[in-house]
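Here is how the chains run, residue by residue.
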Amino acid sequence: QVQLVESGGGLVQAGGSLRLSCAASGRTFSAYTMGWFRQAPGKEREFVAAIRWDDVNTYYADSVKGRFTIHKDNAKNTVYLQMNSLKPEDTAVYYCAADRDYTGNYYSTRSYDYWGQGTQVTVSS
């Protein structure tokens, strides 16, 4: 069992930056593929970024590529999402997720076994 707790959300102006953190419990954090998803009001939850369990690959949605960076610190059992050049359309609740058995479908919510409670990110224009 893994528990995930996100933090770092808030209100920021367009063009600004935020860094989200997701702290995980459990001793096998390094074995999990970690993902970030977001959900805006009235919309489905969508993939943002993921990092493979062995840190070999990172993946990004086209909408955030070049602006967001995902990083995993196994020593701290924490995954981060650095968000730069934020836009109003980035406004959403951001969720951290953990996948026990990497299958390559990092973009699908169905691939992930554990979810955090979410943290609100609001970008004003």
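Residues numbered from 1 in each chain as written. Predicted model: local features only at pLDDT ≥ 70, side-chain atom pairs only at ≥ 80, totals over all residues. Heavy atoms only, no water.

Participant: Can you walk me through the packing of aromatic side chains in this structure?
Facilitator: Overall, the coordinates contain 8 aromatic pairs when judged by the stated rule. Between phenylalanine 37 and phenylalanine 47 the ring centres are 5.7 Å apart and the planes differ by 75°, which places this aromatic pair in the edge-to-face class. Residue phenylalanine 37 is found in strand E4 (residues 33-39), and its partner phenylalanine 47 is found in strand E5 (residues 46-51); the two are separated by 10 residues along the sequence. Each of the two residues, phenylalanine 37 as well as phenylalanine 47, counts as buried. Relative to tyrosine 106, the ring of tyrosine 59 lies with its centre 3.8 Å away and its plane at 10°, an arrangement referred to as stacked. One end of the pair, tyrosine 59, is in strand E6 (residues 58-60); the other, tyrosine 106, is in the loop between strand E9 (92-99) and strand E10 (114-115), with 47 residues separating them in the sequence. Overall, tyrosine 59 belongs to the buried group, its relative accessible area being 14%. You can call tyrosine 106 partly exposed: its relative accessible area is 22%. Feature note: the residues Phe37, Phe47, Tyr59, Tyr106, Tyr107, Tyr112 and Trp115 constitute an aromatic cluster, connected by ring pairs. Across from the ring centre of tryptophan 115, 5.0 Å away, lies the NZ or CZ of arginine 45, which sits over that ring. (Phe/Tyr/Trp six-rings, centres within 6.5 Å; stacked < 30°, edge-to-face > 60°. Helix = DSSP H or I, 4+ residues; strand = E, 2+ residues; numbered from the N terminus. Buried < 20%, exposed > 50% of the residue type's maximum accessible area, 1.4 Å probe, protein only. Lys NZ or Arg CZ within 6 Å of the ring centre and 35° of its normal.)

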